[in-house]
Amino acid sequence: GNVLNYASASCDGCVIVSIAYVVISLHVFLAIPVPLNPLNLYLEHALNFHLMEPLRETISRILLRTFVLLSIIAVAMAVPFFGDFLSLISAISTIAMVFVLPILFYVILARRNNVSIPIYHMAFIGFLFVFGVFASIVGLYVSVRSLGCDFATQNPYVNFFVPASTAADSMNIAPAKNSTWCF
C-alpha cells in the first residue's frame, strides 16, 4: 500500500507505474481461477452437472462459476479491511500448510513405517518447524495490529463508492499514529 503510493507519487505518470498496474491486474485476473477450480469442480459434481446434456452443462458451469466469483467479490467488498483480514487468515493457514504440516506428516509417516531419520535431517526439520511457527506468530501479530489500527482509526463501513480521502476528511478521522494499535 504505502510503498506503491510513494512510488507512484514520485513517478507520477511514468510508463513503468502504468505497466506495473497492468501486470498486477493481469496477474489477478489470470490467477484467480487456480484456487477456485477445486471449489467449482466440487460444486459441479455435487450438483450433478456431469449428468446434463453438453450444452446445458456448459451453460450451468458458466453460471455457477460466475456466481462463485461474484460471491467472492461481494464478500471482499462487504468485509471491512478485507486485505488485513486476509493477511490474518494467511498468517495462520499458509505458514502451517507450507512449513508445519508437511514436516509433521513426514516425521509421522517415517516413524509409522519404522524409517530412521538421520540426525542432520532432524536438525533441519526442527529448524524449519521453529521457523514456521515463528513466522506464523509474527504474521499473526502484525495482522492483528493492522486490523486493530484499521478499526481504531477508520470507519469500517464507509461507503466504498466515495474515495477514501474524501470519506476520511468528512469523518475527521485522527491520523493512524495517534492510536495505540498502530505502529
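Note that the structure is a prediction, hence the values are computed from the model and not measured.

Parameters and conventions
The residue count restarts for each chain, going from 1 along the sequence in the order it is written. Only residues with pLDDT of 70 or above have their local features reported here, since the model is predicted, and side-chain atom pairs are shown and tallied only from 80 upward, although totals for entire chains, interfaces and linings are computed over all residues. Here the side-chain values reflect all heavy atoms present in the structure, with hydrogen atoms and water set aside. Working definition: helices are DSSP H or I runs of at least four residues, strands are E runs of at least two. Numbering for both runs from the N terminus. Think of it in three bands: with a 1.4 Å probe and only protein chains considered, a residue is buried below 20% of the maximum accessible area for its type, exposed above 50%, and partly exposed in between. Any pair of residues with heavy atoms lying within 4.5 Å of one another is described as a contacting pair. Calculation of accessible area relied on Shrake-Rupley with a 1.4 Å probe; when residues are assessed, cover is drawn exclusively from the protein chains displayed. Throughout this description, the term nonpolar core refers to a set of buried Ala, Val, Leu, Ile, Met, Phe, Trp, Tyr and Cys residues connected via side-chain atoms within 4.5 Å.

Q: Let's hear about the overall build of the chain: which residues, and what values?
A: Each helix and strand in the chain was counted, giving seven helices and zero strands. Helices (α) and strands (β) of the chain occur, in sequence order from the N terminus, as α-α-α-α-α-α-α. By residue count, 19% of the 183 residues in the chain fall in the buried class. For the chain, long-range pairs separated by at least 24 residues make up 62% of all intrachain contacts whose partners lie at least 6 apart in sequence. Roughly 13500 Å² of accessible area belongs to the chain as shown, and the carbon and sulfur atoms make up 73% of that amount.

Q: Run through the nonpolar core, naming residues and quoting values.
A: In this structure, Ile103, Val107, Ala110, Ile117 and Ile125 together form the largest nonpolar core, which totals five residues. If one sorts the elements of this core by residue count, helix 5 (residues 82-112) sits on top with three residues. Contacts of isoleucine 103, omitting those with residues within four sequence positions, involve Ile125, Leu128 and Phe129.

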